Amino acid sequence: MKKFLLILICSVVSVSAFANHTKGGWMYYEYLGPGSAPNSSRYRITLKLYTECNLNPGQTDDIVPFTFFNAANNTQVFNISVPVISDVNTSNCTSSECHPCITNVPFICYKIRTYSTVQELPNTPSGYIISYQRCCRIGGIINIQTPSNNQGETWTVSIPGTNVAGAVTNSSARFSQNDTAIICTQNRFTFDFSASDINNDSLIYSFVPAYTGGSNTNPVPNPSSNPPFTAVPYTGGFTGTSPLGGNVTINRFTGIVSGTAPGLGVYVITVRVQEFKRGTNILISEVRKSLHIEVTNCTLTDAELLPNYTSCDGFTLNFSNEGSSANIQTYDWEFGDGGSSTLATPTHTYADTGVYLLKLVVNRGLPCSDSTTSVVKVYPGFFPGFTFAGQCQNIPVQFTDLTTATYGAAFKWEWNFGDFSSPNNISTIKNPTHTYSAVGNYDVTFIVETDKGCIDTLQQTISILDQPPLTISNDTLICIIDTLQINSTGTGTVLWSPNYMISNVNSPNPLVSPDVTTTYTVRLTDAFGCTATDSLTVNVKSFVTLFAGNDTSICRTDSLVLQLTSDALHHIWTETPNNNTLNDPTLKNPTATPLVTTNYHVAGNIGKCITEDDITVTPVPYPAANAGPDETICLGQSAQLNATGGSIYTWSPNVFLTSANIPNPQSVQPTDNVRYVVTVRDVLGCPKPVKDTMFLFVAKIVADAGPRDTSVVVGQSLQLFATGSTNYAWTPTTWLDNPFINNPVSLPQNDIEYVVRVSNDVGCFDTDSIRVHVFKVNPDLYIPNAFTPNGDGNNDVFRPIPLGMKIVDIFRVYNRWGQMLYSGTGNGAGWDGSFAGKKQEAATYVWYAEGVDYTDKRIKRKGTVILIR
């Protein structure tokens, strides 16, 4: 117990000192031979752990925990402590002698600590997963979420089991130790992630997401957390499969990472190498290498070409320098066929097929000259293609390479079947098979390369079904004396069962003649052994059941669906008289629209079994609803309504009505116009309602003879004007030019009162009157000499009295200082004794007035008035 506590304390101290320094690494295994126990094997498991170089001795772990898991169910098997066996720094040369044409050469250094253990493991079907987890990564990493120094790492490797034949004697691939490549931002670069395999198996490389591991709160998980392990969260548009952006790729066959570097900073990159048994698509194991690489602000003069140039579709190629163009002054190209160019980006057409040596020299004869060569392969006539056969789950699908090439032949293949949950998703053989365990659509990717260097990628989506497509006839009926053909459609061979009253059980379209109801099942088997079954029932009838329904009636112009009860397969309707009133006489339930009584005859058959029936449809007219004529009554009178056309009546609205459910209600003294709608139904004929409308107008006559009193001077004519309706009668008729119009002219000689009777054509009327006072004076403006604006209603307003005047044009009032206090026009204009909202004092005021009399003579008057308070 004391020993355990001591180890724990040391571990805690080491954790604190070691935080935020990991920079990647990888884990691999080596088969050492059979174990001492039966059915066991000995392996050396090694961890290469990368950290910063400038660590103090106390900042490193001398013992780390390896956790072993059962690969079948990811459960822990055991946990061991593994010691460090070496500790070395690897770095690049930064002197100008090493890199004369690179400015700002960065210093790249990794401390590589190696931990190793030998373990004897029982051979199991699924093998083992081994892992070590630690916190934390260095800070400031560009392509994963911040803070990156709270992101741990997981180093893991899998040892295969006996499920893969011969795999227990396998040793995993080992990455080369090429970790100090200089990467300048926005410049071309290559980084060697290649690996070697002592078993000479096929190796396939790819970018994969990095794993998290320990955390600040649990720096060294001991034991490690169970697989599957969690990927780090990427950011900034970067992903685990594109850790340096879209301009950087990895060669799947060589492990060379190349492209144009992204912006400045540190990036996490993880490469997986998968080991396939040579010549098969059987995956044995995989190894992951994670590295923190730094993109720096260095510049270089670099002549760089692609590893090779292959033209598979013509003789013309475009070339350009793939390296940095900084400080490049001249270009010299040699195309290998005697042609040359001094352009920066030349285009060259080769005269014939073949392999040519391309050479580029930059800054020839100048400081920092650089040169490089590459191979150009011109082999037009490359036609990649593939096909597949098979379509069912759990049945092998055969994929076949159809690639042809005018020059050379296909010699390298990589198939990705889109079945990512399958351990056999990848194949590198020419014509593989793959078994899909689930139905669905799968995107198959095929990469093919010829021995002349032509390479292409094809994609195709295939559909995996649970059974091959099969369609058969629907369930049907057959007359007992008939023979029927049943049909199936599908690709493959068929077998019908039962073998009862059937012409050929192996025909897709046999004839059957059962004498009892029989269910026939067909089994379809395609060329790959994939099967589908379906069935249909042939219901045998000795007679046809058919009933057209009872005779009926409909409202004329309406339609009726003939509701035939029948088990017949085919029907034909005829009608008497033949007025073509059916929408389709071959339907089981056609729609009929007869205008006269019509007999419909129907015949239904199942093969040779036939039954017939009839139905008669009688159209009856709709009710002839009539609400009566529109009517006008006087206000205060009542109206008698009278509807006809049916047996049942409903009036709406029911306002003012004595009853709403009789044909002849009375509207009692309505106060306004009413639009009455009557709904009429008939119990003897068509039962559907029909509506009609009548308008009841209420005449409201209000006679208006004008002002109650008016005045004129003797000799002045008076224009009378009445309103209220259409008919007018004035009494007395004295001095009137026409007493039967609404606007007669009077020339009164004395005071008189006229009464006008206003009426309409139905006799509604009203009366009004006007008193006329005749002044026997000359036309003039008569002005009071005092007024009392005290609000008592008497003499509150000072205004002129116009007798015989058409209009008062001007009426103005001034105070003693000549200030105008009021100005108005019109025969009613007057002053209320105030100015600007303020009552004026009691005093004498000056007024002035002008007007025009009925003879168009202008009259002007002025004077004074006394305001009395």
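Residues numbered from 1 in each chain as written. Predicted model: local features only at pLDDT ≥ 70, side-chain atom pairs only at ≥ 80, totals over all residues. Heavy atoms only, no water.

Caption draft 1: Region of the structure containing the environment of N56. Examined against the element boundaries, N56 turns out to sit in the loop between β2 (40-51) and β3 (63-70). With relative accessibility at 49%, the residue N56 sits in the partly exposed group. It is 29 Å that separates the C-alpha atoms of N56 and R44, two residues lying 12 residues apart in sequence. (Helix = DSSP H or I, 4+ residues; strand = E, 2+ residues; numbered from the N terminus. Buried < 20%, exposed > 50% of the residue type's maximum accessible area, 1.4 Å probe, protein only.)

Caption draft 2: A look at a nonpolar patch on the surface. Residues V355, L357 and V375 make up a contiguous nonpolar surface patch of roughly 240 Å² in combined accessible area. Looking at the element boundaries, V375 is found in strand β24 (residues 370-378). Judged by its relative accessible area of 30%, V375 is partly exposed. (Patch = residues over 30% accessible without salt bridge, like charges linked within 9 Å, V, L, I, M, F, W, Y side chains within 5 Å. Areas by Shrake-Rupley, 256 points an atom, 1.4 Å probe, with all protein chains shown as cover. Salt bridge = Lys/Arg side-chain N within 4 Å of Asp/Glu carboxyl O.)

Caption draft 3: Region of interest: the nonpolar core. Residues M27, I45, F66, Y132, V257, I269 and I293 are the most contacted members of the largest nonpolar core, which totals 56 residues. Here the element with the most residues in this core is β2; it accounts for 5 residues. Contacts of F66, omitting those with residues within four sequence positions, involve M27, I45, L47, F78, N79, I80, V82, Y115, T117, I130, S131 and Y132. (Core = buried A, V, L, I, M, F, W, Y, C linked by side-chain atoms within 4.5 Å. Contact = heavy atoms within 4.5 Å.)

Caption draft 4: Looking closely at empty space enclosed by the protein. Under the defined criterion, the tally for this structure stands at 3 cavities of 30 Å³ or more. Reported here for the largest cavity is a volume of approximately 100 Å³. Only β1 (22-34), β8 (153-159) and β16 (283-295) provide two or more residues apiece to the lining of the largest cavity. Per-element accounting of the lining of the largest cavity gives the leading share, 4 residues, to β8. (1 Å grid on protein atoms, 1.4 Å probe; cavity = no way out; pocket = protein on both sides within 12 Å on 5 of 7 lines; lining within 4 Å. Points joined across faces, edges and corners; volume = space filled by probe spheres on them.)

Caption draft 5: Spotlight on the sheet that holds strand β30 (residues 426-427). The 4 strands lie next to each other as β30-β29-β32-β33, forming an open sheet whose pairing is antiparallel. In this open sheet, the two strands that pair with only one neighbour each are β30 and β33 (455-464). (Pairing = 2+ DSSP bridges.)

Caption draft 6: Representation of the sheet that holds strand β41 (residues 531-541) in the model. The mixed open sheet is built from 4 strands, whose spatial order is β35-β41-β40-β38. Each of the sheet's edge strands pairs with one partner strand only, and the pair in question is β35 (476-479) and β38 (493-497). Averaged over all adjacent pairs, the angle separating strand axes in this sheet is 30 degrees, with direction ignored. Summarising the sheet, β38 and strand β40 (residues 518-525) pair through 5 bridges and their orientation is antiparallel. Bridge pairing in β40 links V494 to L524. (Axes fitted to C-alpha atoms, helices over the stretch in contact; angles between N-to-C directions.)

Caption draft 7: Representation of the packing of aromatic side chains. Within this structure, the stated rule accounts for 30 aromatic pairs. Here F399 and F417 contribute two aromatic rings whose centre-to-centre distance is 5.0 Å and whose plane-to-plane angle is 40 degrees, an arrangement assigned as tilted. Residue F399 is located in strand β27 (residues 397-401), and its partner F417 is located in the loop between β29 (410-416) and β30; the two are separated by 18 residues in the primary sequence. Take F399 and F417: they sit in the same class, and that class is buried. Chaining the aromatic ring pairs together yields one cluster made of F386, F388, F399, W415, F417 and F446. When the ring centre of Y211 is taken as reference, the NZ or CZ atom of R288 above it lies at 3.7 Å. (Phe/Tyr/Trp six-rings, centres within 6.5 Å; stacked < 30°, edge-to-face > 60°. Lys NZ or Arg CZ within 6 Å of the ring centre and 35° of its normal.)

Caption draft 8: Spatial organisation of the pairing of strand β32 (residues 440-450). For β32, the tally of buried residues reaches 8 of 11 residues, placing the bulk of the element in the interior. With 10 bridges connecting them, β32 and β33 associate as antiparallel partners. By the bridge assignment for β33, E449 is matched with I455. Hairpin connection from β32 to β33: 4 residues lie between these consecutive antiparallel strands, with G453 at a positive phi of about 95 degrees.

Caption draft 9: Quick peek at the environment of G152. On the secondary structure map, G152 appears in the loop between β7 (128-134) and β8. Taking the C-alpha atoms as reference points, G152 and T212, 60 residues apart in sequence, are found 4.8 Å from one another. Not counting residues up to four positions away in its chain, the partners in contact with G152 are R134, C135, C136, R137, Y211, T212, G213 and G214.

Caption draft 10: A look at the state of the cysteines. Evaluated as defined, the whole model comprises 9 disulfides. Each sulfur in the disulfide pair C392 and C530 lies 1.6 Å from the other. Handedness here is read from the sign of the S-S torsion; for C392 and C530, about -85 degrees, the answer is left-handed. Taken together, the residues C392 in the loop between β26 (386-389) and β27 and C530 in the loop between β40 and β41 connect sequence positions 138 residues apart. Of the residues examined, C392 reaches a relative accessible area of 1% and is grouped as buried. (Disulfide = S-S within 2.5 Å.)

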